[in-house]
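# Descriptive analysis of the structure
Residues per chain, in single letters:
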Amino acid sequence: MPMTTAPTARWNDRRLLLTAVLGSVAVFAFDVQLPLGIAVTALYGLVVLLGLFVRWPKYPLWASIAVTLLTVAGALISPEGGDTRLGFENRALTLVGVWVTAWLVAGYARVGRALDRSVKDLADTNFALDQAAIVAVTDVKGRINYVNDKFVEISKYSRGELLGRDHRLINSGYHSKEFIRNLWQTIGGGRIWRGEIRNRAKDGTYYWVDTTIVPFLDERGQPYQYMAIRYDITERKLSEERLREQAALARLGEMAAVVAHEVKNPLAGIRGALQVIGGRLPAASRDRAIVGDIVARLDSLNEIVHDLLVFARPREPKLAPLPLATLLEDTAALLKKDPEHAGVSVTIEGDRPVIQADAEQLQTVFLNLFLNAAQASGTSSDVRVAIAKEDGVCRVAITDRGPGIPADMRDRIFEPFFTTKHRGTGLGLPTARRVIERHHGTIEFACPPGGGTTVTVTLPVNAK
Ligand SMILES: Nc1ncnc2c1ncn2[C@@H]1O[C@H](COP(=O)(O)OP(=O)(O)OP(=O)(O)O)[C@@H](O)[C@H]1O
Ligand SMILES: [Mg+2]
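Described below are features of the structure shown in this document. Source: prediction; values computed, not measured. Each chain has its residues counted from 1, following the order in which its sequence is written. Chain labels run from A onward and ligand labels from 1 onward, assigned in the order the entries are written. With the structure being a predicted model, the display of local features is reserved for residues of pLDDT at least 70 and the display and counting of side-chain atom pairs for 80 or more, all residues being used for whole-chain, interface and lining totals. Computation of side-chain values: all heavy atoms of the structure, hydrogens and water removed.

### Notes on the packing of aromatic side chains
Each pair of aromatic rings taken from Phe, Tyr and Trp, with Trp reduced to its six-membered ring, is defined by centres within 6.5 Å and is described as stacked if the planes are under 30 degrees apart, edge-to-face if over 60, and tilted in the remaining cases. Within this structure, the stated rule accounts for five aromatic pairs. Judged by centre distance (5.8 Å) and plane angle (75°), the ring pair of Phe 414 and Phe 445 falls under edge-to-face. A residue pair is termed long-range when its members are at least 10 positions apart, and Phe 414 in the loop between strand S10 (393–400) and helix H12 (428–438) and Phe 445 in strand S11 (residues 442–446) qualify at 31 residues. Residue Phe 414 is classed as buried on the basis of its relative accessible area of 15%. By relative accessible area, Phe 445 is classed as partly exposed at 26%. Sitting over a ring, as applied to charges here, requires NZ of Lys or CZ of Arg to be within 6 Å of the ring centre and within 35 degrees of the ring normal. Over the face of the ring belonging to Tyr 206 we find Arg 198, whose NZ or CZ atom lies 3.6 Å from the ring centre. The positively charged end of Lys 237 is found above the aromatic ring belonging to Trp 208, 4.3 Å away from the centroid. The helix and strand labels rest on DSSP assignments: H or I over at least four residues marks a helix, E over at least two residues marks a strand, and numbering proceeds from the N terminus. Exposed residues in this analysis have more than 50% of their type's maximum accessible area, buried residues have under 20%, and partly exposed residues fall in between, with area computed by a 1.4 Å probe over protein chains only.

Have a look at this one:
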């Protein structure tokens, strides 16, 4: 993008000025030497016309003054015509022509310079905008006609994949129909629309952009194209979400304390009393089986309350050297103890690093991930676990061959109480994320188009 004046422009000016000087000298020589007639002075007009190309604004004035002086000198020196009336009249007329030409040339040059400047200003403004923002231009139907480098970078599509395509290509499906309708109504009516939009990149990741869409209007006031200027606000959105989550967690923590006090203790009391009553009933009595059933239900209720407590008031991890592969093997054995998942085969392969972590907390996390994988893929299925250690980070990838997670659910699975299962609490993944983050690790899901799900947990080998 041109931000400076090209050096060739100055070089051109010098050549044009030289041509003007040589041209004037030539006309003067013809005028005084050759008997070509007094009309030859009209050729000075060409010298003045050069002003259309010279960028020096005073050129037409100085050229006209020089030409006037030369014409007068010519009239005085010239052997024929200098002393005739016709000669003087012709030269006077020529000079009028030269000055009118100079005036017109000066006017044109001024307009040309103003135009040049505004074209350059526009190019510079475009350059500045491209440096600062994500810019796209679409036609009225939303077909993309222009994207800048930042747009290409954030959307992860190539320019070729974007141009000519419908803007809906980057739609994330997050916003409601009314939201989108309001956007189109606003810009379709020629008004500027501002808002925050979540878009989808080519690799399926989402990004948030603060967006201003400006309609460009034709002479009838109808939009003929739209320019969208955006800023990446993904980081801000994420931290806002975290803040909201933390606030919700704080409230949940308070609630959990109440639950612990008001529910857990009476539950333990009821359970104890029932066991006493059950113990007194004859072994073969039907009532004893019923009491046993009630106790089992109380146990699962207690488990839910326990899950809630773990989630809402997690304790600080107690870090100690932990052989990760062994922990995963033990967890797989634990999973298979459950008759429902006895048929699941868990293959663990890869490195066998020892990391600094809280064994009990990580076992809860991996048991839930194994359970999710087993529950997603049915009774007798394959779960593959790959462990890799590189650059001080340990990566555990758990892959199942289940149906995967539907796209519209993917960003909800970490929400507390989000579950698609009949008897799930929806606390497994949010708890897992809290634990992993307290270990300064990450947890991510990927669902390849071929089906199945891979959860990847990364953990630092040494505690931070
Ligand atoms: N491997 C997977 N394949 C398909 N869907 C999954 C997988 N893992 C998690 N999910 C989806 O994510 C949801 C939330 O999982 P999460 O572990 O938080 O809760 P849950 O398993 O439903 O209940 P809980 O673990 O508390 O008993 C699940 O209900 C399921 O829809
Ligand atoms: Mg679960």
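### Observations regarding helix H7 (residues 177–188)
Three- or four-residue spacings in an α-helix give side chains the same orientation, since the helix completes a turn every 3.6 residues. In this scheme, a helix's expected span is set at 1.5 Å multiplied by one less than its residue total. The terminal C-alpha atoms of H7, which comprises 12 residues, lie 16 Å apart, in line with the 16 Å expected from a rise of 1.5 Å per residue. Along H7, the residues classified as buried are Leu 183, Thr 186 and Ile 187. Seen along its axis, H7 keeps its buried residues to an arc of 90°; they face one direction. Set apart from the buried face of H7 by more than 90 degrees, the exposed residues are Lys 177, Glu 178 and Gln 185. To obtain the arc, one takes the directions from the helix axis to the C-beta atoms.

### So, the coordination of the magnesium ion (ligand 2)
Metal donors were taken as nitrogen, oxygen and sulfur atoms no farther than 2.8 Å from the ion, or 3.2 Å where the ion is Na, K or Ca. Water is excluded, so coordination may look unfinished. The protein atoms donating to the magnesium ion (ligand 2) are Asn 368 (OD1) and Asn 372 (OD1), with metal-donor distances spanning 2.2 to 2.4 Å. In this pair, Asn 368 and Asn 372 both sit in helix H11 (residues 359–377), four residues apart, roughly one turn of the helix. Judged on exposure class, the residue Asn 368 and its partner Asn 372 are both buried.

### Quick notes on the site of ligand 1
The criterion for a residue being near a molecule or strand is simple. One of its heavy atoms has to lie within 4 Å of it. Near ligand 1 you find 20 residues, and of these Thr 419, Thr 420, Lys 421, Thr 425 and Leu 429 are the closest. The term polar contact refers here to a pair of N or O atoms within 3.5 Å; inside protein, the definition further demands a hydrogen-donor-capable atom paired with an acceptor-capable atom, and it admits residues adjacent in sequence only when both atoms are side-chain atoms. At 2.8 Å, a side-chain N or O of Asp 400 approaches a nitrogen atom of ligand 1. Note that an oxygen atom of ligand 1 is positioned 3.1 Å from one of the backbone N or O atoms of Leu 427. Protein chains shield 90% of the accessible area of ligand 1, which is 590 Å² for the free molecule. For the shell around ligand 1, the residue count by class is eight nonpolar, 10 polar and two charged. For accessible areas, the Shrake-Rupley method is used with a probe of radius 1.4 Å. Any residue's cover is judged against the shown protein chains and nothing else. Residue polarity is assigned by list, with Asp, Glu, Lys and Arg as charged and Ala, Val, Leu, Ile, Met, Phe, Trp, Tyr, Cys and Pro as nonpolar; anything else, Gly included, falls into the polar class.

### Brief notes about the pairing of strand S5 (residues 223–232)
A pair of strands is labelled paired if DSSP reports no fewer than 2 bridges between them. Bridge analysis of strand S1 (residues 134–139) against S5 gives six bridges, and the strand direction is antiparallel. What sits directly across from Val 135, in S5, is Ile 229. The pairing of strand S4 (residues 206–217) with S5 spans nine bridges and is classified as antiparallel. Residue pairing across strands places Val 214 opposite Met 227, the latter belonging to S5.

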